[in-house]
Amino acid sequence: MEKYPLHTQLLSCAVLAAIALAIIHFGHGQALRQVFMAGLPWPQQLGLGAALGLAVGLASAVTSLRKPSAEAVQRTTASYARLDLAGWNPVWISLGAGISEELLFRAALQPLLGIWGASLLFLLAHVRAYQFSRIDRPALLQMGGVFGMGLAFGLGFEYIGLLAMMVAHTIIDIIGLLMVRRLAAAQAR
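Residues numbered from 1 in each chain as written. Predicted model: local features only at pLDDT ≥ 70, side-chain atom pairs only at ≥ 80, totals over all residues. Heavy atoms only, no water.

I would appreciate a short explanation of the nonpolar core in the present structure.
Within soluble globular proteins, side chains that are nonpolar tend to cluster in buried spots. If you look at the biggest cluster of nonpolar residues, it comprises 33 residues, and the most contacted ones within it are Leu-103, Ala-107 and Leu-162. Looking at this core, the elements with two or more residues in it are helix H1 (6-27), helix H5 (89-125), helix H7 (137-159) and helix H8 (162-188). Top element by residues in this core is H5. It accounts for nine residues. In contact with Leu-103, other than residues within four places in its own chain, are Ala-17, Ala-20, Leu-21, Ile-24, Leu-32, Phe-36, Ala-108, Leu-162 and Met-166. Membership of the second largest hydrophobic core comes to six residues, among which are Leu-163, Val-167, Ile-171 and Ile-175. (Core = buried A, V, L, I, M, F, W, Y, C linked by side-chain atoms within 4.5 Å. Buried < 20%, exposed > 50% of the residue type's maximum accessible area, 1.4 Å probe, protein only. Helix = DSSP H or I, 4+ residues; strand = E, 2+ residues; numbered from the N terminus. Contact = heavy atoms within 4.5 Å.)

Here you go:
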């Protein structure tokens, strides 16, 4: 199976961030500083974002380890195993996704579309990544999880701040990609 190289993943994150910055600037006329200064003070955002990211990421990891043969876990592993997850790549991919996706879906789109609209677009943006090729119980569970995370990130953005959601998203993705790497290696044996 051909792997998506790190630079391709990071380039797509840079494009998402550029789109987000354009929407923020031209769509709602806000300075980026205003977007980052909203919410709780930064130290509190960092702490709450890290706590949320660890709680959700570790809960997901425990669930995956308890039932590695579950269809949803198998599909997620197969989908994300297409990324080059060698070395520190899960960290770089997660940083790129956490920053660019939260900048786009929360800071740029949520003020224009509301929490439900931004969460729906967040789900639609992940359709290809999760390869929702058929609508069955495992796919519906995954879709519900992605949409639910979009709602949680949206609420966190409203009440805590953008930085917290970037941190939480990044930590959840790091844990998730490390789990995918572990499960994919176990399947390869």
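Picking up where we left off.
Looking at this structure, how should I read a nonpolar patch on the surface?
Taken together, Leu-112, Leu-113, Leu-120, Leu-121, Leu-124 and Val-127 make up a surface patch of nonpolar side chains, about 490 Å² in accessible area. Per-element tally for the nonpolar patch: the top contributor is H5, with five residues. With respect to the secondary-structure elements, Val-127 resides in helix H6 (residues 127-130). (Patch = residues over 30% accessible without salt bridge, like charges linked within 9 Å, V, L, I, M, F, W, Y side chains within 5 Å. Areas by Shrake-Rupley, 256 points an atom, 1.4 Å probe, with all protein chains shown as cover. Salt bridge = Lys/Arg side-chain N within 4 Å of Asp/Glu carboxyl O.)

What is the right way to read the packing of aromatic side chains from this model?
Within a pair of aromatic rings, the relevant descriptors are the distance that separates the centres and the angle that separates the planes. Tallied over the entire structure, the rule returns three aromatic pairs. Arranged with centres 5.9 Å apart and planes meeting at 35 degrees, the rings of Trp-116 and Phe-147 form a pair that is tilted. Highlighted residues: Trp-116 in helix H5 and Phe-147 in helix H7, separated in sequence by 31 residues. Pairwise contacts between aromatic rings join Phe-105, Phe-122 and Phe-153 into one cluster. For Arg-106, the ring lying beneath its charged end belongs to Phe-122, and the centroid distance is 4.7 Å. (Phe/Tyr/Trp six-rings, centres within 6.5 Å; stacked < 30°, edge-to-face > 60°. Lys NZ or Arg CZ within 6 Å of the ring centre and 35° of its normal.)

Is there a simple way to explain the packing of H1 against H5 in this structure?
Two quantities define a packed helix pair, namely the angle between the helix axes and the distance between the axes. In contact at an axis separation of 9 Å, H1 and H5 are set at 20 degrees when each is read in the N-to-C sense. Looking at the two axes, H1 sits roughly parallel to H5. Considering the relative orientation of H1 and H5, their crossing is left-handed. Looking at the contact of H1 with H5 residue by residue, the class counts come to 19 nonpolar, five polar and one charged. (Axes fitted to C-alpha atoms, helices over the stretch in contact; angles between N-to-C directions. Parallel < 35°, antiparallel > 145°, perpendicular 65-115°, else oblique. Left-handed = near helix turned anticlockwise from the far one by under 90°. Nonpolar A, V, L, I, M, F, W, Y, C, P; charged D, E, K, R; others polar.)

Before we go on, may I ask you to explain the side chain of His-169 in this structure?
Following the sequence through the fold, His-169 ends up in helix H8. Apart from residues no more than four positions distant in its own chain, His-169 is found in contact with Ala-97, Gly-98, Glu-101, Glu-102, Phe-122 and Phe-153.

Hey, could you run me through the pattern of salt bridges in this one?
Proximity of charged atoms lets side chains of opposite charge pair with each other. Applying the stated criterion to the full structure yields three salt bridges. For the salt bridge of Arg-75 with Glu-71, the shortest nitrogen-to-oxygen distance reads 3.0 Å. Here Glu-71 and Arg-75 lie together in helix H4 (residues 71-80), a separation of four residues that amounts to about one turn. With relative accessibility at 16%, the residue Arg-75 sits in the buried group. With a closest N to O distance of 2.8 Å, Glu-102 and Arg-106 form a salt bridge.

Sorry, what's going on with H7 here?
Since one α-helical turn is 3.6 residues long, residues separated by three or four positions face the same way. For H7, which comprises 23 residues, the first-to-last C-alpha distance of 32 Å matches the rise-based estimate of 33 Å (1.5 Å per residue) to within 8%. By the burial criterion, the buried members of H7 are Pro-138, Ala-139, Gln-142, Met-143, Val-146, Gly-150, Leu-151, Phe-153, Gly-154, Gly-156 and Phe-157. Tucked into the core, H7 has its buried residues touching H4, H5, H6 and H8. (Expected span 1.5 Å × (residues − 1).)

How do you make sense of the packing of H4 against H7 when you look at a structure like this?
The interhelical angle for the contact between H4 and H7, taken along N-to-C directions, is 70 degrees, at an axis separation of 9 Å. Taken together, the axes of H4 and H7 lie roughly perpendicular to each other. Handedness of the crossing formed by H4 with H7: right-handed. Here Glu-71, Ala-72, Arg-75 and Thr-76 of H4 come into contact with H7, specifically with Pro-138, Ala-139 and Gln-142. Considering only residue class, the contact of H4 with H7 consists of three nonpolar, two polar and two charged.

Worth remembering: the numbers are spatial, not functional.
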